[in-house]
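Tertiary structure, described
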Amino acid sequence: VQLVESGGGLVQPGKSLKLSCSASGFTFSSYGMHWIRQAPGKGLDWVAYISSSSGTVYADAVKGRFTISRDNAKNTLYLQLNSLKSEDTAIYYCARRVGALDYWGQGVMVTVSS
Amino acid sequence: DIQMTQSPSFLSASVGERVTLSCRASQNINKYLDWYQQKLGEAPKLLIYNTNNLHTGIPSRFSGSGSGTDYTLTISSLQPEDVATYFCLQRNSWPLTFGSGTKLEIK
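These notes cover the structure that comes with them. (Residues numbered from 1 in each chain as written. Chains lettered and ligands numbered in written order. Predicted model: local features only at pLDDT ≥ 70, side-chain atom pairs only at ≥ 80, totals over all residues. Heavy atoms only, no water.)

Notes on the interface of chain B and chain A
In this complex, chain B contributes 16 residues to the contact, which on the side of chain A involves 18 residues. Viewed at the interface, chain A and chain B are joined by zero salt bridges. At the junction of chain B and chain A, the tally comes to four residue pairs in polar contact (both at pLDDT 80 or more). Every element with two or more residues in the side of chain B that touches chain A is listed here: strand 4 (33–38), strand 5 (45–49) and strand 9 (84–90) of chain B. With three residues, the single largest contributor to the side of chain B that touches chain A is strand 4 of chain B. (Contact = heavy atoms within 4.5 Å. Salt bridge = Lys/Arg side-chain N within 4 Å of Asp/Glu carboxyl O. Polar contact = N/O pair within 3.5 Å; in protein donor to acceptor, adjacent residues only side chain to side chain. Helix = DSSP H or I, 4+ residues; strand = E, 2+ residues; numbered from the N terminus.)

Laid out in structure tokens, this is it:
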């Protein structure tokens, strides 16, 4: 199982960014997937979940601003981040769901700053 | 939302010592409690799921227990490679919520 995030970077407040998580080593379409973030030096915050059938759940802090999606043909998970705020600055991890979050990617840094 | 409270925030122990970390939920989470280990600069790793099930490849010195609102991670004999921050996670209800972590160091 391998999960590789990409798409992070420095972005101004109010702007947008799209993160990707490329999956390999398992049947991606059969698994729900999560995004979790970690602000610098802080703990873990769950962000969003998408089921294998593309049902979605969001944390209140990102609802209406972030969109989780998936492309099973490309074995890729996405997180569209809109209307970014400074408090969204964090490492963003994708993780596979088997009940628990059993495999995580290495994370990608998103910095929101003017 | 379910609040997860971990204690202690910081723990220093000797190699070979038995170590116990705690996690308390603000309501019953029906044993939907996982433990994750995060070493410095790395992504979290699953250690234990559903309170007491060891994830694949995790050494048997790690164990979990608990029920209702109170859960425990035990390391039976602390090793130098166990230096890390440990997080609990409740999956009983949305939103998923993590504890704030216990940072474990070697004395």
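Things to note about the state of the cysteines
Think of a disulfide as a covalent bridge from one cysteine sulfur atom to another cysteine sulfur atom. Residues and elements named next belong to chain A. Summed over all chains, the structure comprises two disulfides over all chains. Here C21 engages in a disulfide with C94; their sulfurs sit 2.1 Å apart. Since a negative S-S torsion denotes a left-handed disulfide, the C21-C94 link at about 65° is right-handed. Of this pair, C21 sits in strand 3 (residues 17–24) while C94 sits in strand 9 (residues 90–98), and the two are 73 residues apart along the sequence. Look at C94 and you get buried, because its relative accessible area is 0%. (Disulfide = S-S within 2.5 Å. Buried < 20%, exposed > 50% of the residue type's maximum accessible area, 1.4 Å probe, protein only.)

Examining the side chain of Q90(B)
Residues and elements named next belong to chain B. Within the element layout of this structure, Q90 appears in strand 9. The class of Q90 is buried, set by a relative accessible area of 0%. Among the polar contacts listed, one links the side chain of Q90 to the backbone oxygen of P95, at a separation of 3.0 Å. Leave out the neighbours within four places in its chain, and Q90 touches I2, M4, I29, Y32, L33, P95, L96 and T97.

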